[in-house]
Amino acid sequence: IRKNVIPLLGKFLSKSLQKKILTHKPSRVNVCLDGDAKKSAIDILEFLMNNGIDTYFIELPDDKDASDIGFHGMSNLINNSTKVKFSDIISMKIG
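So, here is what we can say about the structure in this document. Throughout, a residue's number is its position along its own chain's written sequence, starting from 1. Per-residue local features are limited, in this predicted model, to residues with pLDDT of at least 70; the limit for side-chain atom pairs, both in listing and counting, is 80 or more; totals at the level of whole chains, interfaces and linings are taken over all residues. To get the side-chain values, all heavy atoms of the structure are used, and hydrogens and water are removed first.

Next up on the list: a negative patch on the surface. Put simply, a patch holds well-exposed residues, over 30% relative accessible area, that have no salt bridge, with like charges counted together within 9 Å and Val, Leu, Ile, Met, Phe, Trp or Tyr side chains within 5 Å. Under the convention used here, a 1.4 Å probe and the Shrake-Rupley method define accessible areas, while residue burial counts only the protein chains that appear. Here a salt bridge means any side-chain nitrogen of Lys or Arg lying within 4 Å of a carboxyl oxygen belonging to Asp or Glu. Only four residue types enter the charge count, namely Lys and Arg as positive and Asp and Glu as negative; His and the chain termini do not. Every charge is mapped to an atom, namely NZ of Lys, CZ of Arg, CG of Asp or CD of Glu. A surface patch of negative charge is lined by Asp-34, Asp-36, Glu-59, Asp-62, Asp-63 and Asp-68. Mapped onto the secondary structure, Glu-59 falls in the loop between strand 2 (54-57) and helix 3 (66-79). Per the convention used, a helix needs a DSSP run of H or I reaching at least four residues, while a strand needs a run of E reaching at least two, with both numbered from the N terminus.

Quick look at the structure:
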(Lines give C-alpha, C1' and ligand atoms only; values in the text may rest on other atoms or scores of the structure.)
Protein backbone atom coordinates (compact mmCIF):
# COMPACT_ATOMS: atom_id res chain seq x y z
CA ILE A 1 0.00 0.00 0.00
CA ARG A 2 2.83 2.38 0.75
CA LYS A 3 4.06 2.43 -2.83
CA ASN A 4 2.18 3.08 -6.04
CA VAL A 5 -0.64 4.84 -4.22
CA ILE A 6 -2.23 7.94 -5.66
CA PRO A 7 -4.51 9.88 -3.33
CA LEU A 8 -7.24 11.81 -5.07
CA LEU A 9 -7.91 15.42 -4.29
CA GLY A 10 -11.63 15.01 -3.94
CA LYS A 11 -13.33 12.01 -5.46
CA PHE A 12 -12.60 12.30 -9.18
CA LEU A 13 -9.71 11.38 -11.46
CA SER A 14 -8.24 14.53 -12.96
CA LYS A 15 -7.71 14.59 -16.73
CA SER A 16 -3.94 14.54 -16.20
CA LEU A 17 -4.19 11.49 -13.92
CA GLN A 18 -6.44 9.73 -16.44
CA LYS A 19 -3.84 10.41 -19.13
CA LYS A 20 -1.00 9.06 -16.95
CA ILE A 21 -2.97 5.91 -16.14
CA LEU A 22 -3.69 5.29 -19.81
CA THR A 23 -0.05 5.98 -20.74
CA HIS A 24 1.42 3.64 -18.12
CA LYS A 25 -1.35 0.99 -18.37
CA PRO A 26 -0.93 -0.58 -14.91
CA SER A 27 -1.91 -4.24 -14.76
CA ARG A 28 -4.12 -3.65 -11.72
CA VAL A 29 -5.77 -0.70 -10.02
CA ASN A 30 -7.45 -0.82 -6.62
CA VAL A 31 -10.17 1.78 -6.17
CA CYS A 32 -10.98 2.76 -2.61
CA LEU A 33 -13.14 5.78 -1.80
CA ASP A 34 -15.17 6.67 1.27
CA GLY A 35 -18.69 5.26 1.36
CA ASP A 36 -20.23 8.62 0.49
CA ALA A 37 -18.36 8.64 -2.84
CA LYS A 38 -19.84 5.43 -4.27
CA LYS A 39 -21.10 7.12 -7.46
CA SER A 40 -17.62 8.49 -8.13
CA ALA A 41 -16.09 5.09 -7.43
CA ILE A 42 -18.42 3.51 -10.00
CA ASP A 43 -17.42 6.15 -12.58
CA ILE A 44 -13.72 5.46 -11.92
CA LEU A 45 -14.23 1.69 -12.12
CA GLU A 46 -16.03 2.05 -15.45
CA PHE A 47 -13.33 4.32 -16.87
CA LEU A 48 -10.58 1.89 -15.92
CA MET A 49 -12.41 -1.21 -17.10
CA ASN A 50 -13.41 0.42 -20.39
CA ASN A 51 -9.70 0.97 -20.96
CA GLY A 52 -8.74 -2.66 -20.35
CA ILE A 53 -7.33 -2.27 -16.84
CA ASP A 54 -8.02 -4.97 -14.25
CA THR A 55 -9.87 -3.15 -11.52
CA TYR A 56 -10.58 -4.04 -7.90
CA PHE A 57 -13.02 -2.20 -5.64
CA ILE A 58 -12.09 -1.90 -2.00
CA GLU A 59 -15.32 -1.20 -0.16
CA LEU A 60 -15.01 0.51 3.19
CA PRO A 61 -17.56 0.34 5.99
CA ASP A 62 -19.94 3.32 5.79
CA ASP A 63 -18.54 5.12 8.80
CA LYS A 64 -14.82 4.51 8.09
CA ASP A 65 -12.15 5.83 5.80
CA ALA A 66 -8.79 4.27 4.93
CA SER A 67 -6.95 6.04 7.75
CA ASP A 68 -9.42 4.61 10.29
CA ILE A 69 -8.75 1.08 9.05
CA GLY A 70 -4.96 1.40 9.07
CA PHE A 71 -2.20 -0.21 7.06
CA HIS A 72 -2.81 -3.84 8.05
CA GLY A 73 -6.58 -3.54 7.71
CA MET A 74 -6.27 -2.00 4.25
CA SER A 75 -3.74 -4.66 3.25
CA ASN A 76 -6.25 -7.35 4.23
CA LEU A 77 -9.06 -5.66 2.30
CA ILE A 78 -6.87 -5.36 -0.80
CA ASN A 79 -5.56 -8.94 -0.57
CA ASN A 80 -9.12 -10.28 -0.21
CA SER A 81 -10.63 -8.19 -2.99
CA THR A 82 -11.83 -9.68 -6.26
CA LYS A 83 -11.64 -8.31 -9.77
CA VAL A 84 -14.65 -6.19 -10.70
CA LYS A 85 -16.83 -7.41 -13.56
CA PHE A 86 -19.29 -5.28 -15.52
CA SER A 87 -22.13 -7.19 -13.84
CA ASP A 88 -20.75 -5.94 -10.50
CA ILE A 89 -20.98 -2.36 -11.80
CA ILE A 90 -24.64 -2.88 -12.70
CA SER A 91 -25.34 -4.32 -9.25
CA MET A 92 -23.60 -1.36 -7.62
CA LYS A 93 -25.70 1.08 -9.66
CA ILE A 94 -29.03 -0.48 -8.75
CA GLY A 95 -28.09 -1.48 -5.21
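Turning our eyes to something else, we now look at the packing of helix 2 (residues 38-50) against helix 4 (residues 86-94). Throughout, an axis means a line fitted to C-alpha atoms (over the contacting stretch in the case of helices), and angles, computed between N-to-C directions, take values from 0 to 180 degrees. It is at 11 Å that the axes of helix 2 and helix 4 come closest, and there the two elements cross at 160°. Taken as axis vectors, helix 2 and helix 4 run roughly antiparallel relative to one another. Where helix 2 crosses over helix 4, the two elements pack in a sense that is left-handed. Each of Lys-38, Ile-42, Leu-45, Glu-46, Met-49 and Asn-50 in helix 2 lies in contact with helix 4, whose residues at this interface are Phe-86, Ile-89, Met-92 and Lys-93. Only Asp, Glu, Lys and Arg are considered charged, only Ala, Val, Leu, Ile, Met, Phe, Trp, Tyr, Cys and Pro nonpolar, and every remaining residue, Gly among them, polar. Across the contact of helix 2 with helix 4, the residue classes tally to 6 nonpolar, 1 polar and 3 charged. By definition in this entry, angles of less than 35 degrees are roughly parallel, angles greater than 145 are roughly antiparallel, angles of 65 to 115 are roughly perpendicular, and the rest are oblique. Note: crossing handedness is left-handed where the near helix turns anticlockwise from the far helix by less than a right angle, and right-handed where it turns clockwise. Any pair of residues with heavy atoms lying within 4.5 Å of one another is described as a contacting pair.

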